[in-house]
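One letter stands for each residue in the lines below.
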Amino acid sequence: MTNASNARVLIAKPGLDGHDRGAKIVARALRDAGFEVVFTGIRQRVTDIAATAVQEDVAVVGLSILSGAHIALTTRTVEALRAAHAEDIAVVVGGSIPAADIRRLKKAGAAAVYPTGTPLDDIVADIRKLTAARP
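Within any chain, residue numbers begin from 1 and follow the written order of that chain's sequence. Note on the predicted model: pLDDT of at least 70 is required for a residue's local features to be given, and 80 or more for side-chain atom pairs to be given and counted; whole-chain, interface and lining totals, by contrast, use all residues. Note that the side-chain values use all heavy atoms of the structure and ignore hydrogens as well as water.

> Can you explain the overall build of the protein? Please cite residues and give values.
Summing up its helical and strand segments, the protein has five helices and five strands in all. Taking 2.2 N^0.38 as the reference for a compact globule, 135 residues should give roughly 14 Å; the C-alpha atoms of the protein span a radius of gyration of 13 Å, in line with that estimate. Looking at the protein as a whole, 47% of its 135 residues are labelled buried. At a minimum sequence separation of 6, the contacts of the protein that also span at least 24 residues come to 69%. When the accessible surface of the protein is totalled, it reaches about 7,000 Å², and 52% of it is carbon and sulfur. Note on charges: Lys and Arg go in the positive column, Asp and Glu in the negative column, and His and the chain ends are not counted at all. Note on charges: their place is set at NZ of Lys, CZ of Arg, CG of Asp or CD of Glu. Side chains of the protein give 17 positive and 14 negative charges; the mean places of these two sets differ by 4 Å. Starting at the N terminus, helices and strands are each numbered in turn, a helix being any DSSP run of H or I of at least four residues and a strand any DSSP run of E of at least two. For the radius of gyration, the atoms used are the C-alpha atoms, and the globule rule reads 2.2 Å times the number of residues raised to 0.38. Relative accessibility decides the category of a residue: with a 1.4 Å probe and only protein chains considered, values under 20% of the type maximum give buried, values over 50% give exposed, and everything between is partly exposed. Working rule for contacts: check all heavy atoms of both residues, and any pair within 4.5 Å makes them a contact. Here the open area of atoms and residues is found with the Shrake-Rupley method and a 1.4 Å probe, where only the protein chains shown may cover a residue.

Structure representation (structure tokens):
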């Protein structure tokens, strides 16, 4: 079973959004909680995110999206992971996400959704649960 001391999490900024402060804050909180964090940087293509997730053997992909394209980018990321036979990698998404879109994101395959303002402790606790469930 995976635990925080060896679980790997990929934090990615898909699309054209260039604001990465929130992603870096979450990455640091996860690192401080004992996770190994891989940060892709900004303006990543979905296919590259999926390839990196597989190559780095992560348990979770965290998407940080502020552009308003959260549903399309989350859907495409989940599909890219499936195409790479990596459907066991959980996808979580955070950023500027209206409450009305949370259900749609979960239906698209997001394991968890973190709108702006979600406490870091809540994110860390959820990622612990997701990584503990991974074989």
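> Describe the pairing of strand β2 (residues 36-39), and please don't skip the residues or the numbers.
Two elements, strand β1 (residues 8-12) and β2, share four bridges in a ladder whose sense is parallel. Of the residues in β2, the one forming a bridge with Val9 is Val37. Handedness of the crossover joining β1 and β2 through helix α1 (residues 21-32): right-handed. Strands were regarded as paired on the criterion that DSSP finds at least two bridges between them. A clockwise course of the path from the first strand over the helix to the second, judged with the strands pointing away from the viewer, identifies a crossover as right-handed.

> Explain helix α5 (residues 120-132) to me, and be specific about the residues and the numbers.
Along its 13 residues, α5 runs 18 Å from first to last C-alpha, staying within 8% of the 18 Å computed at 1.5 Å per residue. On the buried face of α5, the contacting elements are β1, α1, β3 (60-65), β4 (90-95) and β5 (112-115). Given the number of residues in a helix, its expected span is that number minus one, multiplied by 1.5 Å.

> An account of the environment of Ala50 is needed here, citing residue identities and associated values.
Relative to the helices and strands, Ala50 resides in helix α2 (residues 46-55). Along the sequence, Ala50 and Gly62 sit 12 residues apart, while their C-alpha atoms lie 11 Å from each other. Beyond its immediate chain neighbours, meaning those up to four positions away, Ala50 contacts Ala80 and Leu81.

> Outline the side chain of Asp101, supporting the account with residue identities and numerical values.
Mapped onto the elements, Asp101 comes out in the loop between β4 and α4 (102-107). Buried and without a salt bridge, Asp101 has Arg104 as its closest oppositely charged side chain, separated by 4.1 Å. If we skip the residues at most four places from it in the chain, Asp101 touches His70 and Ile71. Every case where a carboxyl oxygen of Asp or Glu lies within 4 Å of a side-chain nitrogen of Lys or Arg is listed as a salt bridge.

> I'd like to hear about the packing of α2 against helix α3 (residues 70-83), residue by residue, with values.
Comment: axis = line fitted to C-alpha atoms, over the contacting stretch for helices; angle = value between 0 and 180 degrees taken between N-to-C directions. Contact geometry for α2 and α3: axes closest at 9 Å, N-to-C directions at 45 degrees. As the angle between them shows, α2 and α3 are arranged oblique. Helix-helix and strand crossings are classified by hand; for α2 and α3 the assignment is right-handed. Facing Val46, Ile49, Ala50 and Ala53 of α2, the residues of α3 in contact are Leu73, Arg76, Thr77, Ala80 and Leu81. Roughly parallel means an angle under 35 degrees; roughly antiparallel, over 145; roughly perpendicular, 65 to 115; everything else is oblique. Should the near helix be turned anticlockwise from the far one by less than a right angle, the crossing is termed left-handed; should it be turned clockwise, right-handed.

Just geometry here; none of it tells us what the structure is for.
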